[in-house]
Amino acid sequence: MVAQRDASWSPLLDPAAFSAARYDRLGHRIGALLGSTHHDIALVPGEAVVALEAVARELGGGGGRVLNVATSVYGHLFGQWLAAGGATVTTLTPSVPGQPIPLAEVTDALDNGPWAAIALVHGEAASGIVNPLAEILAAARSRGVPTVVDAVASVGAEPVLLGDEGPDILVIGAQKALGGPSGLAVAAVSETGWGLLARPAGAPSFSSLSLLDLKRDWLDTDRTAIPLTPITHDLWALEAAVADVEDEGLGMRVARHRAVARAVRAGLAGLGLRLWVDEEERSSGLTTAALLPDGVDRSTVLALARDRFGVVLGTGSSEVDPRLVKISHTGPRAAFVPAAGALAALAGAIELASASGSPRLDLGAGMAAFTASWIASTGGAG
Ligand SMILES: *Cc1c(COP(=O)(O)O)cnc(C)c1O
């Protein structure tokens, strides 16, 4: 019988096969984008949290002491997975939740080793911060401590490279600054990195939460059979996102995110709002956070921004300052128009939410500072 497909047929039901050769090339293209010199690139099916859990469990399987820098919920989860895998975990958190970790606190902790590894999140879209990654990597390297980095939210928005100065294990996601699908993540692992991983005690011989299985079943094979049947649509989408970044250039992608972040910071300050992060270098390229004026109700501002201006603003997680609001400028939103709209919407929503007679924001100064910063970042006047 001929299948009756006309009415219900969709190209999504019939994606072209993604070949093993293409899959292999995709890994190499990602490695090349990141300037990889000595890392294996493994595509991990599942959203980025799956890849992070796989890394943490097998890092825990090594059984050593791990210094875990936790600057958001992701870092705390990573610590739990490490412990579940068998590691002894020491957690380092910033004294103000949602702020970056100060370098000096990390170096002090590193000096209280020995450590099997240090793990940290690079950029936190959640609170709009960036930890001092290059400095932490250098401090760890000089003490012989291997490094494991969650760059899911930072790759494409902040400089992250896999050369000699890079971390031993790096997990990246496609769905943030790379503008790709959320169904696949990437783990980059150096030889030192592989040496850190071990199957947790009692682990089964096959697991979808295992980088060692991906090594055994793909990296160490003749690479003719893709392991784990990743979703074909995700592979095509990831390839398209990688092509897009290759076209723009990773450095330009980072510069675009940083330029938008700088303009939004200038705009927020111009409005008269307090920025959440003092130093621009410690402020995320993906999202920018500011504090609402006292007495302005956050949920009212969020609802007004959504309903009157069509803009979805974010907040921090529950332990972070309840006045925090953030503007997302991630991936396709890292551009003048969406960022200008979000800034104006935030200002408008605050104006509407403020009791009459309370101090007003300077909308003109905010938009002027935003635009002046954008002009300066994109080549200056005239
Ligand atoms: C977004 C993000 C992840 C991944 O979370 P998803 O659930 O895959 O979106 C992991 N770590 C950090 C720091 C993130 O910002």
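Just so it is clear, the model here is predicted, and its values are computed rather than measured. (Residues numbered from 1 in each chain as written. Predicted model: local features only at pLDDT ≥ 70, side-chain atom pairs only at ≥ 80, totals over all residues. Heavy atoms only, no water.)

K.L.:
I tried to follow the overall build of the chain on my own but got confused; where do I start?
P.N.:
Each helix and strand counted, the chain has 12 helices and 13 strands in total. The C-alpha radius of gyration computed for the chain amounts to 22 Å, which stays within 12% of the reference 21 Å derived for 382 residues, consistent with globular compactness. Taking the principal axes of the C-alpha coordinates as reference, the chain spans close to 70 × 70 × 40 Å. Residue burial in the chain is summarised as follows: out of 382 residues, 50% are buried. At a minimum sequence separation of 6, the contacts of the chain that also span at least 24 residues come to 69%. About 16300 Å² of surface is accessible on the chain, with carbon and sulfur atoms providing 56% of the total. In the chain, 27 side chains carry a positive charge and 39 a negative one; their mean positions are 3 Å apart. (Helix = DSSP H or I, 4+ residues; strand = E, 2+ residues; numbered from the N terminus. Rg over C-alpha atoms; globule rule 2.2 N^0.38 Å. Buried < 20%, exposed > 50% of the residue type's maximum accessible area, 1.4 Å probe, protein only. Contact = heavy atoms within 4.5 Å. Areas by Shrake-Rupley, 256 points an atom, 1.4 Å probe, with all protein chains shown as cover. Lys, Arg positive; Asp, Glu negative; His and termini not counted. Charge placed at Lys NZ, Arg CZ, Asp CG, Glu CD.)

K.L.:
Is there a simple way to explain the pairing of strand β11 (residues 287–291) in this structure?
P.N.:
It is a general feature of regular strands that their side chains alternate between the two faces of the sheet. Of all 5 residues making up β11, 5 are buried, and the element is well covered by its neighbours. A two-sided burial pattern is seen for β11, the buried positions comprising Thr 287, Ala 289 and Leu 291 on one face and Thr 288 and Ala 290 on the other. Bridge count for strand β10 (residues 274–275) against β11 is 2 bridges, and the pairing is antiparallel. Among the inter-strand pairings, Leu 275 is bridged to a residue of β11, identified as Ala 290. (Pairing = 2+ DSSP bridges.)

K.L.:
Quick question: what am I supposed to make of the packing of helix α9 (residues 250–271) against helix α12 (residues 363–377) here?
P.N.:
Helix packing geometry: the angle between the two helix axes and the distance between the axes. Following both chains from N to C, one finds α9 and α12 inclined at 155°, their axes separated by 7 Å at the closest point. Looking at the two axes, α9 sits roughly antiparallel to α12. Along this stretch, α9 crosses α12, giving a crossing that reads as right-handed. Residues Ala 259, Val 260, Arg 262, Ala 263, Val 264, Ala 266, Gly 267, Gly 270 and Leu 271 of α9 lie in contact with α12, whose contacting residues are Leu 363, Ala 365, Gly 366, Ala 369, Phe 370, Ser 373, Trp 374 and Ser 377. Considered class by class, the residues forming the contact of α9 with α12 number 11 nonpolar, 5 polar and 1 charged. (Axes fitted to C-alpha atoms, helices over the stretch in contact; angles between N-to-C directions. Parallel < 35°, antiparallel > 145°, perpendicular 65-115°, else oblique. Left-handed = near helix turned anticlockwise from the far one by under 90°. Nonpolar A, V, L, I, M, F, W, Y, C, P; charged D, E, K, R; others polar.)

K.L.:
So what exactly am I meant to see when it comes to the nonpolar core here?
P.N.:
Across soluble globular proteins, nonpolar side chains have a tendency to be buried as a group. Counting 71 residues, the largest nonpolar core has Ile 30 and Phe 78 as its most contacted members. Other than its neighbours up to four places away in sequence, Phe 78 contacts Leu 52, Val 55, Ala 56, Leu 59, Asn 68, Ala 119 and Val 148. (Core = buried A, V, L, I, M, F, W, Y, C linked by side-chain atoms within 4.5 Å.)

K.L.:
Just to check I follow, could you spell out the domain arrangement of the chain for this structure?
P.N.:
How big an interface is tends to be stated in terms of accessible area lost as the parts join. Annotation of the chain at the domain level lists domain 1 (20–248) and domain 2 (250–378). A straight line from the C-alpha centre of domain 1 to that of domain 2 covers 29 Å. Counting from both sides, the interface comprises 28 residues of domain 1 and, opposite them, 25 residues of domain 2. Between domain 1 and domain 2, a total of about 2200 Å² is buried, with carbon and sulfur atoms accounting for 54% of that surface. At the boundary of domain 1 with domain 2, the tally comes to 4 salt bridges. Glu 158 serves as the salt-bridge partner of Arg 258, at 2.4 Å between the closest nitrogen and oxygen. (Domains from an automatic or database assignment. Buried area = accessible area lost by both parts, 1.4 Å probe. Salt bridge = Lys/Arg side-chain N within 4 Å of Asp/Glu carboxyl O.)

K.L.:
Where do I start with the environment of Gly 295 in this structure?
P.N.:
Secondary-structure assignment places Gly 295 in the loop between β11 and α10 (298–309). Expressed as a C-alpha distance, the spacing of Gly 295 and Ala 87, which sit 208 residues apart in the sequence, is 45 Å.

K.L.:
Honestly, the sheet that holds strand β12 (residues 314–315) in this entry has me stumped. Any pointers?
P.N.:
Two strands in a sheet stick together by hydrogen bonds in their backbones, pointing the same way (parallel) or opposite ways (antiparallel). Reading across from one edge, β10-β11-β13-β12 is the order of the 4 strands in this open sheet, with antiparallel pairing throughout. Here the strands that pair on one side only, and so sit at the sheet edges, are β10 and β12. Across the sheet, α9 is in contact with β10, β11 and β13 (324–328); its angle to β11 comes to roughly 15°.

K.L.:
Sorry if this is basic, but what is going on with the site of the ligand here?
P.N.:
Near the ligand lie 13 residues; those nearest to it are Glu 47, Asp 150, Ala 153, Gln 175 and Lys 176. Interatomic distance of 3.3 Å between a side-chain N/O atom of Tyr 74 and an oxygen atom of the ligand. Mapped by element, the contributors of at least two residues to the shell around the ligand are α2 (48–61) and β5 (123–124). For the shell around the ligand, the element with the highest residue contribution is α2, accounting for 3 residues. Of the residues belonging to the shell around the ligand, the class tally is 7 nonpolar, 2 polar and 4 charged. (Near = heavy atom within 4 Å. Polar contact = N/O pair within 3.5 Å; in protein donor to acceptor, adjacent residues only side chain to side chain.)

K.L.:
Looking at this structure, I do not really get the pairing of strand β2 (residues 65–69). What am I missing?
P.N.:
A large share of β2 lies buried, amounting to 4 of its 5 residues. Two strands pair when backbone bridges link them, and β2 and strand β3 (residues 88–92) are joined in this way by 5 bridges, in the parallel orientation. The residue of β3 that forms the bridge with Val 66 is Val 89. Assessed by its sense of winding, the connection that carries the chain from β2 through helix α3 (residues 73–85) to β3 is right-handed. The sheet contact formed by β2 and strand β4 (residues 117–121) spans 4 bridges and is parallel. (Right-handed = clockwise from strand over helix to strand, strands pointing away.)

K.L.:
How should I be thinking about the side chain of Gln 99 in this particular structure?
P.N.:
You can see Gln 99 is positioned in the loop between β3 and α4 (103–110). Here the side chain of Gln 99 touches Trp 276 through a polar contact of 2.8 Å, landing on its backbone oxygen.

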